[in-house]
Amino acid sequence: MTATAISLRGVSKHFGPVRAVDELDLEIADGEFFSMLGPSGSGKTTVLRLIAGFEDPTAGTILLGEDDVTRRPAFARDVNTVFQDYAIFPHMTVLQNVEYGLRVKKVAKAERRQRATEALETVRLGGYGERRPHQLSGGQRQRVALARALVNRPKVLLLDEPLGALDLKLRREMQIELKEIQREVGITFVFVTHDQEEALTMSDRIAVFNEGRIEQLATPVELYDQPASAFVAGFVGTSNLLHGEAARQVVGEDGTFVIRPEKVGLGPESQDVPADAAGLCVAPGVVREVVYLGASTSTVVELDAGPTMTVSHPNTDTTIDAALERREQRVVLTWRRDHLVRLAEPVATEKETA
Amino acid sequence: MTATAISLRGVSKHFGPVRAVDELDLEIADGEFFSMLGPSGSGKTTVLRLIAGFEDPTAGTILLGEDDVTRRPAFARDVNTVFQDYAIFPHMTVLQNVEYGLRVKKVAKAERRQRATEALETVRLGGYGERRPHQLSGGQRQRVALARALVNRPKVLLLDEPLGALDLKLRREMQIELKEIQREVGITFVFVTHDQEEALTMSDRIAVFNEGRIEQLATPVELYDQPASAFVAGFVGTSNLLHGEAARQVVGEDGTFVIRPEKVGLGPESQDVPADAAGLCVAPGVVREVVYLGASTSTVVELDAGPTMTVSHPNTDTTIDAALERREQRVVLTWRRDHLVRLAEPVATEKETA
Amino acid sequence: MLDRRPGLRVGLLLTPPMLWLGVAYLGALAALLVTSLWTQDDFTGNIERIWTLDNFRQLFTVDVYRTITLRTIGIAALVTVVDAVLAFPIALYMAKVASPRTQRLLVIAVLTPLWASYLVKAYAWRGMLSADGPIAWIANPFGLDTPGYGLPAVIITLSYLWLPYMILPVYAGLERVPDSLLEASSDLGGGSWTTIRRVVLPMAFPALVAGSIFTFSLSLGDYITVQIVGGTSQLLGNVVYDNQGAANNLPFAAAVATVPIVVMVVYLALARRVGALEDL
Amino acid sequence: MAQTKTLSRGLRGTLGAFTAVVLVFIYVPLLLVLLNSFNTDNTFGWPPPGLTLHWWKVAWESQGARDALWTSVKVACAATVVALLLGTLAAMALRRTRFFGRNVVSLLIILPIALPGIVTGLAFQNEFSTILGIGLSLWTVIIAHATFCIVTVFNNVQARFQRLGTSFEQASMDLGAGRWTTYRLVTFPMLRSALLAGALLSFGLSFDEIVVTTFTASPHDQTLPLWILNNLFRPNQAPVVNVVAAVLVVLSAVPIYLAQRLSGSQAEAINIP
Amino acid sequence: GTSSGGSDGGTKADADQGGFTAPDVPMQESIGDPEGQVNILAWPGYAEDGSTDKSIDWVTPFEKESGCQANVKYFDTSDQAVQLMKTGEYDVVSASGDATLRLIAGGDVAPVNTDLLTNYADIAPFLKDQKFNSVDGQMYGVPHGWGANLLMYNKDVVKPAPTSWGAVFDDASTYAGKVTAYDSPIYIADAALYLMATQPDLGIEDPYALDQDQLAAAVDLLKAQKGNVSEYWSNYLKEVAAFKSGDSVIGTTWQVIASTIGDSVAAVLPEEGSTGWSDTWMISSEAKNPNCGYLWMDYITSPEAQAQVAEYFGEAPANTKACDLTTDTSFCDTYHAEDSDFASQIHYWTTPISQCLDGRTDTECTDYGDWTTAWTEIKG
Ligand SMILES: Nc1ncnc2c1ncn2[C@@H]1O[C@H](COP(=O)(O)OP(=O)(O)OP(=O)(O)O)[C@@H](O)[C@H]1O
Ligand SMILES: Nc1ncnc2c1ncn2[C@@H]1O[C@H](COP(=O)(O)OP(=O)(O)OP(=O)(O)O)[C@@H](O)[C@H]1O
Ligand SMILES: [Mg+2]
Ligand SMILES: [Mg+2]
């Protein structure tokens, strides 16, 4: 995994006044499962299209392995793409779609038929070869797109929200499937998603995009446990932000802090907490909202110190009724001081607290 | 909440050979937040369209409140829809779109302008009134569609996956917003989604659809804790299924059982468990996979008894490294017998275990 | 290298059509305009290359040309309106009501008459409108009569001839209006008429304008139909034709021909503003 | 597509009835043409005094009509081929570019059909015989026809491009197909029905063109409309012309029908002009 | 060349003969080897090759006989003929009197060497050396056929039978909305002819030589007439249909139209006389196939061809020998083919020019351009 599959060096892409990608530097290692996460319009698709060769960068260099491909057309790059809108050829059958890449590379008919059939089986579309694209559901189309890309065994596979249209169950299954496929074939996956859980589950490394730049590039654990900014903290998972006066009161220090909902304990006010002892933070407040999430329950607490905090607990023993009873009652939140993450930058105008 | 907002009685809708909706009976109460959950193609949209009046049912009766509206055209039904593809009028500005419903109802100009502006503010599009739809992002368009429906203060609002295109962060915010709006205006929401977490979070009741029929209709807690079938258990949240020989070995009884991942404890094999004591189930196995999910970690364990089980734990104290170290090690799973749910029907050919 | 030089590619692709249109066609038009500034020996019909604005002076000072121009534009506009009024409901029926099968049949039914010769159809209308033709035959028992030959006949016949050119673009335009928009309108309380007026019509408007380019321009230049059913009336096309084909006064004909050119260029410029050119 | 429930039942019925009435309006004159082709009298008259097959026999034996038909087919085919080529090229060129002359180009393409035929015909004749001094021939007719046919192909192809977007071609290139392969395997098949529709209309436009043809045809070349024009003014030929017109109407349904069939999904296929 | 004038070289000249001097165009001295083809510009019906009706064919025999393939193009109006001849694409043309002088003056046609034409001798003498087909005694063509613009009326409707053009002018209102007139500027001459007889103080001597005032009077007459006109007719079919259907009941016509319609109508030569046409085959000054052109001119004026053309087209043949060969033995009588009295009452179509054709030198006459403008104004 030491070799570099893709390098972007100072790459920018401007559409008129819009800086879709802004002086990006990025190295993606061979065999890596690399995800790009970010809000809509943050430039993820554009980066993918730059790598695939559908856009020319306004500035910068793009390398695949050792080769500078900046000026090379899409068809001469050994990458394949699973498109956000599938782009299944409507005038071909499913099988012909999957065979397409092999066909233009002049692979013999028998072999390409066999490989295409295998690829279709990998994405669980065994019997669907003769169907026409318009006879498929959204999820099935996405799987055809995946098979069509995989069958070429490219060095790099680019996936633009390939699971976006699937329901959660199918999405989870496909996540596992994709991850397995990636392990098997050992090719580099560059995966775009706006679903943070998906990114955390599947990726070796994640780049969080914001307005054409990378806010943080890290492993899932680092990203979640050590967010570099309020933006990352807010975008990846739910986070509670403490700053200004609230931080001083609750944490006892100036600065901006993040604490994750699941790290916070919740107890009745009566409970005796050794204040500030054993590196614990303590904050009393009132329960404003209890949200049942199936596996867990979220409790929104308005702290006496001002901000609201979300606390999450698995529904292991407590019944939901017990949780609901807490509504509008006073509680005390506690968390370990070492679970607090201090953010470097100030929060500026952002008001994200949810 | 005792009055009925919508009743479907024996409603079917066939498209040629496809039974999109199959003899459906359904009552939705006034002011309820009602969700329809189900895989793609299960008929959710069709039910919505039947209620809205865009399709004529093949059989059955539809009532809004007391009125039989089965043969009444869409414009004469006091329901509004947020469409899956937004259906924003491209030739009108955002404001004109939102005003449309009031305009055709001949509301005076000043009033409709004011109400539309308010509605736009509700969906956080305050300054966007003069924009054209093509100048908006997908998420913004969906919010325009929402404002356009809300501004009419209908008795019932039908929403077809209104948050599907949003990223998780925005989606969560919009979920809360929607829920608040619904509480404020007190109108009945009928909400289609294929995101179970969304359904669990927001709904008063949920109907799980499968192939044009309702598999289970229940509150979120019931649905999650007491799934009526393997399909529901599998579709709503992650679930571990035990049946046949495995059930006999682990549970000690014949039948089909479901246990949720977060209810299962995981310990080292050395750990001494009072076997079968205190109503506990115990099952040894080998850790096959550890997946980091940010707030929690999922561990996939292959039981000695045969099936694999997924176990989920919040990342409160344990570091992810400790969890990862367990990979390929032997562990013991334990769970409370009363957390097991026995399913009525046999599992038949389905092989859902994930 | 073509991939890296989009300008070059566009240039290469564009060269043949632009050579054809720009040089052959625009050149021809330019030559025509130049000719309009020349004069002609009335007797021999030979063009004398003397620069003069006389043709235009005559065009603008003699009243009858203004009358004819206005009449022609009026007729073209009326024909366009008649066709739009006839075409819209049909196109709407085809695009939004008819089953796919009926749709297919209707398209054939609308397209087929285009193949019957223009002249034959015009003469058929001459027969229809004649004093002992089918229209009089049907109308007389009700105390009505055929409109006879004249401007009404011209409008009827031209509307008939160009109707398919209006139906087809409007149909195509309506097909592109997603059903969900109609549903949204209906959902928000818009009845059928409101939906048509506020959603369907505005969205089909560019297509209507696109169709009108055909009906308007074809009517603007027509001179044969007027001769066949126009009775004693004449249009701009007749003046051009009489002066060129007949009186052999090419310079003056060219000058008259600038009138429809100017009218159409203005019309196209307006049409472009509603985005109709994309819809043609 | 079709059959939306949004429009009220009454309105749908009204639209259907209106369509039927207009179809009658469209077809009655054509039926009159057909009827007159059996008319014993040699002018339009109502009701016809008697019926005869004589004109059909004359028409069948008319070498002039057959030659003219063949000439028209040749001209229309050639003009259509040129229009297909130039129209597609222009549409492809304007497809993704937003260069400053884009509007000029599309205006230029539309101009020949938007300007009255008499202007176009006059201009071409003036150019060919007065300015360039090349004699009139079938080729000059083809050139003139192709000029105003380009727009039909251009518009159809452009509309299709707009609907398709660019992702299919990108997918193809992404899978390793070069520009030409992509065109052959992806672009062209997806354009096919649009091209067909454009070609059909272009053929029809050229086939029935009379004004521009009058000005640009040489004496040797008589297209069908010219033949019809000449014969309408000739003793005893009007009914023969009716026969020819009737035959054309019937024959034309065949290519239209085939075009729709070939293009598969009819929702896609008939984006006519 | 035998061109008559030439010293002053202008295209407009003294008014006494045709009003001008023809450009110097050489005349052919002999007929050489046929070129293999000939491009013919003809009135519809003048050069039938059997393609419209197998039995109507006199072009094929010519092709066989001469070895020249005949390419025929038809025109609707004299003006179109002039226009087409200017292209130089055509070798021969059947020009009417309102086109001939324009062609001669424009240098578009060459003088015809009548010595090379064997049938020239049989042409009716009253057609030779006329103002519209010769200049200074030099023939510029060979006469083909002629006819009068008669007055036709529906016998059932129009009673009593009219004898004067007044029926369509001053009395036109009697049949308001059912009157028809010929659709061409040259129709102004019909009005002038009527005025010549009814308003002598206007001083019209020649209906084709009108000064401003005379033209204005004719225009007024025609404008008044327009209110009663149902339609202007420009071609055969239109008028036949209009009279058959009853859309028109009275108006100017050709004999052939009257014959086609049959007994329900009558066509008469009114007391004022009438306008008419006399067609002449002319050869282009730029003829690419002059030899075949001469062969054609000779052939088409042969008795056999003349009989066929005259009967098919419906006009009086120029070659009087043709009268023996027509299938309808009374044909020449119907068409007054040998009736020089009848012929003398006809003012053949000729092109008005600014030099007055009637010999006046004290004033400028209106030319065809003025007439065209006037006609446009009449139609409004
Ligand atoms: N062809 C284009 N022309 C103009 N602007 C563009 C174009 N493509 C993208 N943009 C703009 O560039 C920015 C980045 O777009 P991009 O599609 O890369 O976002 P994204 O992160 O993929 O968003 P999403 O999650 O919605 O797919 C956006 O502001 C977008 O509007
Ligand atoms: N107009 C139609 N014609 C034919 N079949 C239809 C039509 N509309 C829906 N169907 C079929 O009916 C079934 C139910 O479709 P529906 O759109 O209600 O599913 P859904 O649950 O909304 O799915 P998704 O989550 O993908 O939106 C599907 O099998 C679909 O193919
Ligand atoms: Mg994207
Ligand atoms: Mg749906």
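Anyway, here's the lowdown on the structure attached to this text.

The rules behind each value
Residues numbered from 1 in each chain as written. Chains lettered and ligands numbered in written order. Predicted model: local features only at pLDDT ≥ 70, side-chain atom pairs only at ≥ 80, totals over all residues. Heavy atoms only, no water. Helix = DSSP H or I, 4+ residues; strand = E, 2+ residues; numbered from the N terminus. Buried < 20%, exposed > 50% of the residue type's maximum accessible area, 1.4 Å probe, protein only. Near = heavy atom within 4 Å. Polar contact = N/O pair within 3.5 Å; in protein donor to acceptor, adjacent residues only side chain to side chain. Areas by Shrake-Rupley, 256 points an atom, 1.4 Å probe, with all protein chains shown as cover. Nonpolar A, V, L, I, M, F, W, Y, C, P; charged D, E, K, R; others polar. Salt bridge = Lys/Arg side-chain N within 4 Å of Asp/Glu carboxyl O. Contact = heavy atoms within 4.5 Å. Buried area = accessible area lost by both parts, 1.4 Å probe. Patch = residues over 30% accessible without salt bridge, like charges linked within 9 Å, V, L, I, M, F, W, Y side chains within 5 Å. Lys, Arg positive; Asp, Glu negative; His and termini not counted. Charge placed at Lys NZ, Arg CZ, Asp CG, Glu CD.

### Thoughts on the environment of C:Gly143
Residues and elements named next belong to chain C. With respect to the helices, strands and loops of the structure, Gly143 is situated in the loop between α6 (134-139) and α7 (151-175). When its relative accessible area of 65% is taken as the criterion, Gly143 is described as exposed. A C-alpha to C-alpha distance of 46 Å links Gly143 and Ala255, two positions 112 residues apart in sequence.

### So, the site of ligand 2
Residue and element names in this part refer to chain B. Of all residues adjacent to ligand 2, which total 13 residues, the nearest are Ser40, Gly41, Lys44, Thr45 and Thr46. Contact between ligand 2 and Lys44: an oxygen atom at 2.9 Å from a side-chain N or O atom of the residue. In the model, an oxygen atom of ligand 2 is placed 2.5 Å from a nitrogen or oxygen of the Thr45 side chain. For ligand 2, whose free accessible area comes to 640 Å², the fraction covered by protein is 62%. Elements represented by at least two residues in the shell around ligand 2 include exactly β2 (18-29) and α1 (44-52). Considering each element in turn, the shell around ligand 2 owes the most residues, three residues, to α1. Here the residues of the shell around ligand 2 sort into four nonpolar, seven polar and two charged.

### As for the pattern of salt bridges
Pairing between side chains becomes possible if they bear opposite charge and their charged atoms approach one another. Residues and elements named next belong to chain A. As enumerated under the stated definition, the model contains 57 salt bridges over all chains in all. For the salt bridge of Asp22 with Arg19, the shortest nitrogen-to-oxygen distance reads 3.4 Å. Given the relative accessible area of 10%, Asp22 is considered buried. Residue Arg19 is classed as partly exposed on the basis of its relative accessible area, which comes to 49%. Ionic pairing is found between Asp78 and Lys155, a salt bridge with its closest N-O pair at 3.9 Å.

### Quick word on the interface of chain D and chain C
Listed as interface residues are 102 residues of chain D and, on the opposing side, 101 residues of chain C. Roughly 9,400 Å² of surface becomes buried between chain D and chain C when both sides are summed, with 75% attributable to carbon and sulfur atoms. Put simply, chain D and chain C have zero salt bridges between them. Where chain D meets chain C, there are nine residue pairs in polar contact (both at pLDDT 80 or more). A total of 16 residues in the side of chain D that touches chain C trace back to one element, the largest contributor, which is helix α1 (residues 9-36) of chain D. Among the residues forming the side of chain D that touches chain C, the class breakdown is 72 nonpolar, 23 polar and seven charged.

### Some thoughts on a positive patch on the surface
Residues A:Arg103, A:Lys106, A:Lys109 and D:Arg184 make up a contiguous surface patch of positive charge. With respect to the helices, strands and loops of the structure, A:Arg103 is situated in helix α2 (residues 94-104).

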